[in-house]
Amino acid sequence: MWVLKEPFFWFPVTRSVCPERLPKDPDLPGIDVFVCTADLEKEPTFGVMNTVISAMALDYPVEKLSVYLSDDGGASATLMVEENQNMDFIEDRRSIKEKYEAFKQRVQRKCRVEPENVAKRNAKNHPALIQVINANSIEDDVAISNPEHVEMPHLVYVAREKRLSHRHNFKAGAINVLLRVSSIMSNSPYILVLDCDMYCNDSTSARQAMCFYVDPRTPSSLGWVQYPQKFHNISETDIYDSQIRTIWTAPNHMFQVYWPGIDGLQGPIISGTNFYIRREALYGFDIHDGSVPKDMGGCFGSSNEFLKSLNQNDKSDAMKGREPSPALLKEAHFLASCTYEKGTKWGDKASAISTHLITQLYLVKNLEIMPFLDWIRLGPLQVGFRYDSVAEDVMTSIQLQNLGWRSFYLNPTRPQFLGTAPTDLNELLVQGTSIIPPLCFFYGIALYPKGIYEHYISGGSIRTWMNEQRVWMIKGASCAMVGALDCVMAKLGLKEASFIPTNKAGSEDKTKYYQMGKYDFRTSNMFLVPIVSMVSVNLACLVGGIIRVIIAHNWETSLAHAGLSFYAVVMSFPVIEGMFLRKDDGRVPLSTTIISSAIALVFLSIGYFIFLH
Ligand SMILES: O=c1ccn([C@@H]2O[C@H](COP(=O)(O)OP(=O)(O)O[C@H]3O[C@H](CO)[C@@H](O)[C@H](O)[C@H]3O)[C@@H](O)[C@H]2O)c(=O)[nH]1
Ligand SMILES: [Mn+2]
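Residues numbered from 1 in each chain as written. Chains lettered and ligands numbered in written order. Predicted model: local features only at pLDDT ≥ 70, side-chain atom pairs only at ≥ 80, totals over all residues. Heavy atoms only, no water.

1. Concerning the overall build of the protein chain
The helix and strand inventory of the protein chain stands at 28 helices and eleven strands. Looking at the 613 residues of the protein chain, the share that counts as buried comes to 54%. Considering only intrachain contacts with a sequence separation of at least 6, the fraction spanning at least 24 residues in the protein chain is 85%. (Helix = DSSP H or I, 4+ residues; strand = E, 2+ residues; numbered from the N terminus. Buried < 20%, exposed > 50% of the residue type's maximum accessible area, 1.4 Å probe, protein only. Contact = heavy atoms within 4.5 Å.)

Dropping the structure here:
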């Protein structure tokens, strides 16, 4: 581990920019913003709208900015709200709060129009629905309250076609559709990708990122600029380590070394959201030898409009204020259809087993391997985000770095984007099944916990260290195992790969224990039983061990064992408290304790036969 970590210290880079030196507005390149949403219930429309509006309010010339919303969820409810948005408060900051409240109520009213179950059913089986929303399509009353006709960026709503018989490839599939649809509309050379909960907390991120791209000294291999992921809903104790402190927020040491450290090498990988990427990079061209595919149609699909866009520049200006022609809309629907990608290279699987292994290792937070990702050689050309993993970001990054693209990390003091971190145990574990992949089960548990000294000098306290250790142990025993089984079954063809979006709705009831700094054990037995069984075994060993020591007086041999058991029991105290001491509804249910004790007993009996017989 020590050796693997060294490259991070070779050439750490901290970047800062001077947006005031950018060229004049008319000379800036266009930017397309992609926002993805997938679940009407877990990703409330109001939050999605917040993100869309924050993107539209980016400090960037309106005619150079287009926002595309991909809706994999309830479709029509989101669209209805979007069409009727009252955008004027973007400009009018005086009465911003009042108007915001009115907007919020309006969204909530609109969302009630369609029963949720109907929306959900429709979400899995419907034709493509694409709508360009410009000033003309906004309700009359809005025009009255917006007498100056404030110009606003282009907004395009995209619900790609969904059929039960076709794989939709989760977020990667959604982004690839947006890539194609946007190419025949604005075709901006740069793209900002945002998860639906990641709103722009500062409007300057676009200009800051462009500082790199328009600077003639920047190498032409710069593929993306990555901002960190930060969250708005972190409590003081943060018992579940929801902020993933070690990656993003630990100040000025060790872990804060990873991203700047990798920036000095080939650059950070894509972390799913908050990055400005060069459109060209996603088209799979190899920048080492400048080769372009010979069979363009076989590679990108049969849309002539799309193929034409490959040689065209930025069209964002031309799109401004125009109603899209019926022909253009028809082509957009074609590009968003289920069958468009058939026989093309979109999201193609070109991976070797080693890529999988490395991706898995990386995802278990063994960040040390980041500098070596670049060495992996992938198969032939492939276009857009990759489909062979729900962690599309890691796989795609490896591919792009492979083709010669480089990346920068920018972490300004003011957070540029803020998202919603999962703050209840159930959500955390559900997320863990999809992003903590199989090998975590083997590697995650086998690795020795990160040293307390290392943690301390990275700006952590004893409490944060305990939290991180606890969550690491809990994830290792529960969701990593479930995720592992899930993945093995998917690989064996026994089950479809799945992705459950994390909940961004955060009800008061759900977060109350998190806010109090107490674990909330209201999660399924699938996760809970392995955790509670493990703790029961430890507890039994400690009690049994102590009794033995007292009876047999053999201190020398038992002391180390007792120490280890004691450590495990201290670390799992919240679980023990949940089993025996708590009375509230967040405790471990009695039935779970009973099942787990029975399992623990089985383990102890097996141990008895192995060691004593
Ligand atoms: O079929 C799908 C599934 C998901 N999403 C969107 O993908 C985003 C990320 O999903 P989320 O449930 O928030 O997953 P997280 O585990 O929080 O996501 C982390 O991990 C993902 C996989 O590595 C990255 O894509 C994300 O950017 C990163 O924040 C959300 O906007 C979803 O709406 C879709 O658009 N379509
Ligand atoms: Mn998320």
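2. Topic: the site of ligand 1
Among the 24 residues in the neighbourhood of ligand 1, the closest are listed as Cys36, Asp72, Glu392, Thr502 and Lys504. Separating an oxygen atom of ligand 1 from a side-chain N or O atom of glutamate 43 is a distance of 2.9 Å. Within the side chain of glutamate 392, an N or O atom sits 2.6 Å from an oxygen atom of ligand 1. Contact with the protein chains hides 93% of the accessible area of ligand 1, taken as 690 Å² for the molecule alone. If you list the elements that add at least two residues to the shell around ligand 1, you get strand 1 (31–37), helix 8 (170–183), helix 18 (392–402) and helix 19 (425–435). Class assignment for the residues of the shell around ligand 1 results in nine nonpolar, eight polar and seven charged. (Near = heavy atom within 4 Å. Polar contact = N/O pair within 3.5 Å; in protein donor to acceptor, adjacent residues only side chain to side chain. Areas by Shrake-Rupley, 256 points an atom, 1.4 Å probe, with all protein chains shown as cover. Nonpolar A, V, L, I, M, F, W, Y, C, P; charged D, E, K, R; others polar.)

3. As for the UniProt feature "transmembrane region" (unreviewed entry) in the protein chain
The residues that UniProt annotates with the feature "transmembrane region" (unreviewed entry) are residues 526–551, 557–576 and 588–611. Along residues 526–551, the helical share is 100% and the strand share 0%, with 38 Å between the first and last C-alpha atoms. (UniProt positions renumbered as here; feature names shortened; annotations may be inferred.)

4. Some points on the packing of helix 25 (residues 525–552) against helix 27 (residues 573–581)
The interhelical angle for the contact between helix 25 and helix 27, taken along N-to-C directions, is 90°, at an axis separation of 10 Å. Our classification of the angle between helix 25 and helix 27 gives roughly perpendicular. Of the residues in helix 27, those in contact with Ile531, Val532, Val535, Ser536 and Leu539 of helix 25 are Val575, Ile576, Met579 and Phe580. Per-class residue counts for the contact of helix 25 with helix 27 are eight nonpolar, one polar and no charged. (Axes fitted to C-alpha atoms, helices over the stretch in contact; angles between N-to-C directions. Parallel < 35°, antiparallel > 145°, perpendicular 65-115°, else oblique.)

5. Things to note about the sheet that holds strand 6 (residues 199–200)
In spatial order, the strands read 6-11-8; together these three strands make up an open sheet with mixed pairing. Sheet topology places strand 6 and strand 8 (230–231) at the edges, where each strand pairs with a single neighbour. As paired strands, strand 8 and strand 11 (residues 417–419) are joined by two bridges and run parallel to one another. Note on strand 11: the bridge partner recorded for phenylalanine 231 is glycine 419. (Pairing = 2+ DSSP bridges.)

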